[in-house]
Amino acid sequence: MEIAHNLPQLITSHQLRSRVHQMPQLSTRHLRGREELHLAHLVLSFITMGYIWQEGEEGTVKVLPRNLAVPFWEVSQALGLPPILSHADFVLANWRRKNPNGPLEINNLDTIISLPGGESLRGFILVTLLVEKAAVPGFKAIVEAVRAILQLDEETLCRALQELTEAIRDMSKALKQMHDYVDPAVFYAVIRIFLSGWKDNPAMPDGLIYEGVSDEPMEYSGGSAAQSTILHAFDELLGIRHSKESAAFLHRMRDYMPPPHRAFVEEIRRAPSLKQHVLSSRDTRLHKAFNQCVSALADFRSYHITVVTKYITIAATKAKAGQAEPGGKSGSSMGKPPSALEAKGTGGSHIFSFLKSIRDTTREGMINA
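By convention here, each chain's residues receive numbers from 1 onward along its written sequence. The predicted nature of this model means local features are confined to residues of pLDDT at least 70 and side-chain atom pairs, given and counted, to a pLDDT of 80 or more, with totals for whole chains, interfaces and linings taken over all residues. To obtain the side-chain values, all non-hydrogen atoms of the structure were included, while hydrogens and water were left out.

Remarks on the overall build of the protein
- Where helices and strands are cited, they refer to DSSP runs of H or I of at least four residues and of E of at least two residues respectively, numbered from the N terminus. A tally of helices and strands in the protein yields 16 helices and four strands.
- Here the globule rule reads 2.2 Å times residues to the power 0.38, and the radius of gyration is calculated from C-alpha atoms. Its C-alpha atoms give the protein a radius of gyration of 21 Å, within 12% of the compact-globule value 21 Å for 369 residues.
- Taking the principal axes of its C-alpha atoms as reference, the protein extends roughly 70 × 50 × 45 Å.
- Per-residue burial over the protein gives 54% buried out of 369 residues.
- Of all intrachain contacts in the protein linking residues separated by at least 6 positions in sequence, the fraction that spans at least 24 positions is 78%.
- Entry remark: accessible area of the protein is about 16700 Å², with carbon and sulfur atoms responsible for 52%.
- Only four residue types enter the tally: Lys and Arg on the positive side, Asp and Glu on the negative side; His and the chain ends are excluded. Charge coordinates come from a single atom per side chain, which is NZ of Lys, CZ of Arg, CG of Asp or CD of Glu. In the protein, the 41 positive side-chain charges and the 39 negative ones have mean positions that sit 3 Å from each other. Relative accessible area decides the class of each residue, using a 1.4 Å probe on protein chains only: under 20% of the type maximum gives buried, over 50% gives exposed, and in between gives partly exposed. Contact definition: two residues touch when any of their heavy atoms are within 4.5 Å. Accessible surface is estimated by sampling points in the Shrake-Rupley manner with a 1.4 Å probe; for residues, cover comes only from the protein chains shown.

Here is the structure:
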């Protein structure tokens, strides 16, 4: 915990690796319950990312030392999560209220563990969390919708689809806050590399050896919003079918979700088909409610492309031209922008072709009247 709370300073002063080498061999036996395990996974994953990327993409290591690798592996096994920083750590397990009785709003929220990137990193994590929060009524609506199909209750189904549409629109509104809290130059040059993994990453083509766990290198994808349960659940409910390549990547990202999340998505996939139900129904309101849902989801994905363009493509162009303001709002020194990930997402996907493909296939999921 002591190392984790000092990560930004230890990384920027290039002292993290030597601090990790001095770390005692910790036992995971004393961890009690899900919360302690998740906190341990959060802490170990942040330290691991700092250790790997402390010297940028040209100074990576091939081996994660035993005193970090063994407890990280054991905690990961206990939680059914991979031994790398995932969306479940970075966002879902990494927040607290400043005032315990105050609202779940950005001014009353803070991260638990940080990395270089200052206020922009904090904003990136918390805005993403608020997108997750906006989706909560959508999850409740999914459960209602599945129940309504089974009970042939068109009235409830219509209402559930309207609630789902509302939740997706609220997610888009939450995502807009990214512009207020995250500096594109800091995101691109400082933050992004720490979310990168060792699968499909030219900077670490051979993967990573977890010392004391395996002599063979292992490959894991970096943290990605594609690891969030939200859009997987919405896609399954609405019967959205993505292209072979995109679907393969998305399915692989499910291995990075906590097992109960994965099980929830699977449960929806196995439920009776909403789309078939709507197609066989003569109820025009139901058709309209279904299409509004799909349309809201396509709009959310379009807006996500806009955000990614600003924070990756435009930021990359500026960084190359040397126009990025040193330090930005974060006050941390600007690193050398990572070139290995220029056209890729932190999860390893070819980001624009992937995002455009899933947006287009979402739109194709609409029912023609």
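Considerations on the packing of aromatic side chains
- Side-chain rings of Phe, Tyr and Trp (the six-membered ring for Trp) are treated as a pair once their centres are within 6.5 Å; stacked means planes under 30 degrees apart, edge-to-face means over 60, and tilted covers the remaining angles. By the definition in use, this model includes eight aromatic pairs.
- Arranged with centres 6.1 Å apart and planes meeting at 45°, the rings of Phe139 and Phe234 form a pair that is tilted. Taken as a pair, Phe139 in helix H7 (residues 118–150) and Phe234 in helix H11 (residues 229–238) lie far apart in primary sequence, 95 residues in all.
- Aromatic pair Phe249 and Phe354: ring centres 5.0 Å apart, planes at 75°, arrangement edge-to-face. With Phe249 in helix H12 (residues 244–253) and Phe354 in helix H16 (residues 351–363), this residue pair connects regions lying 105 residues apart in the sequence. Like Phe354, Phe249 is buried.
- Every member of this aromatic cluster is reached through a ring pair, and the members are Phe46, Phe90, Phe124, Phe187 and Tyr311.

A closer look at the pattern of salt bridges
- Counted as salt bridges are all cases of a side-chain nitrogen of Lys or Arg within 4 Å of a carboxyl oxygen of Asp or Glu. Per the counting criterion, the structure on display carries 17 salt bridges.
- Between Arg270 and Glu266 there is a salt bridge, and its shortest N-O distance comes to 3.7 Å. Linking Arg270 with Glu266, this pair stays in helix H13 (residues 259–270), spanning four residues, or about one helical turn.
- Judged by relative accessible area, which is 56%, Arg270 ranks as exposed.
- Classification of Glu266 as partly exposed rests on a relative accessible area of 26%.

As for the packing of helix H15 (residues 284–321) against H16
- Convention adopted: a line fitted to C-alpha atoms gives each axis, helices being fitted over their contacting stretch, and angles between N-to-C directions are expressed from 0 to 180 degrees. The interhelical angle for the contact between H15 and H16, taken along N-to-C directions, is 165°, at an axis separation of 8 Å. One way to sum up the angle between H15 and H16 is to call them roughly antiparallel. The hand of the H15/H16 crossing is left-handed. For the pair formed by H15 and H16, the contact residues are Val294, Leu297, Ala298, Asp299, Arg301, Ser302, His304, Ile305, Val308, Thr309, Ile312 and Thr313 on the first element and Ile351, Phe352, Leu355, Lys356, Ile358, Arg359, Thr362 and Arg363 on the second. Any angle from 65 to 115 degrees is called roughly perpendicular, while one under 35 is roughly parallel, one over 145 is roughly antiparallel, and all others are oblique. Crossing handedness is read from the near helix: turned anticlockwise from the far helix by less than a right angle, it gives a left-handed crossing, and turned clockwise, a right-handed one.

Here's the deal with the side chain of Asn291
- Tracing the backbone through its elements, the reader meets Asn291 in helix H15.
- The exposure class assigned to Asn291 is buried, which follows from its relative accessible area of 15%.
- Apart from residues no more than four positions distant in its own chain, Asn291 is found in contact with Met366 and Ile367.

Some words on H12
- Buried residues of H12: Ser246, Phe249, Leu250 and Met253, and no others. All buried residues of H12 lie within an arc of 95° about the axis, which places them on one face of the element.
- Residues of H12 that are buried in the fold lie against H11 and H16. Directions pointing from the helix axis toward each C-beta atom define the arc.

Observations concerning the side chain of Asn67
- Turning to its location among the elements, Asn67 is positioned in helix H5 (residues 66–79).
- With residues near it in sequence (within four places) discarded, Asn67 still touches Val20, His21, Met23, Pro24 and Gln25.

Quick word on the confidence of the model for the protein
- pLDDT is a residue-level measure of predictor confidence that goes from 0 to 100. Of all residues in the protein, 92% have pLDDT values of 70 or greater, and the mean over the chain is 92.
- Note on residues 327–334: pLDDT is under 50 here. Beyond four places in sequence and across chains, it has 20 contacts.

Observations regarding the state of the cysteines
- The disulfide criterion used throughout: a pair of cysteine sulfur atoms within 2.5 Å. Throughout the structure, instances matching the rule amount to zero disulfides.
- Cys158 takes part in no disulfide bond, and the closest cysteine sulfur, belonging to Cys293, lies 10 Å away.
- Taking the relative accessible area as the measure of exposure, Cys158 reaches 3% and is therefore buried.

Some details on the environment of Phe194
- Here Phe194 is to be found in the loop between helix H10 (184–191) and strand E4 (209–210).
- Between the C-alpha atom of Phe194 and that of Leu121, which follows or precedes it by 73 residues, the distance is 11 Å.
- Once residues lying within four places of it in the same chain are set aside, the contact partners of Phe194 are Ile11, Met49, Gly50, Trp53, Leu85, Leu115 and Pro116.

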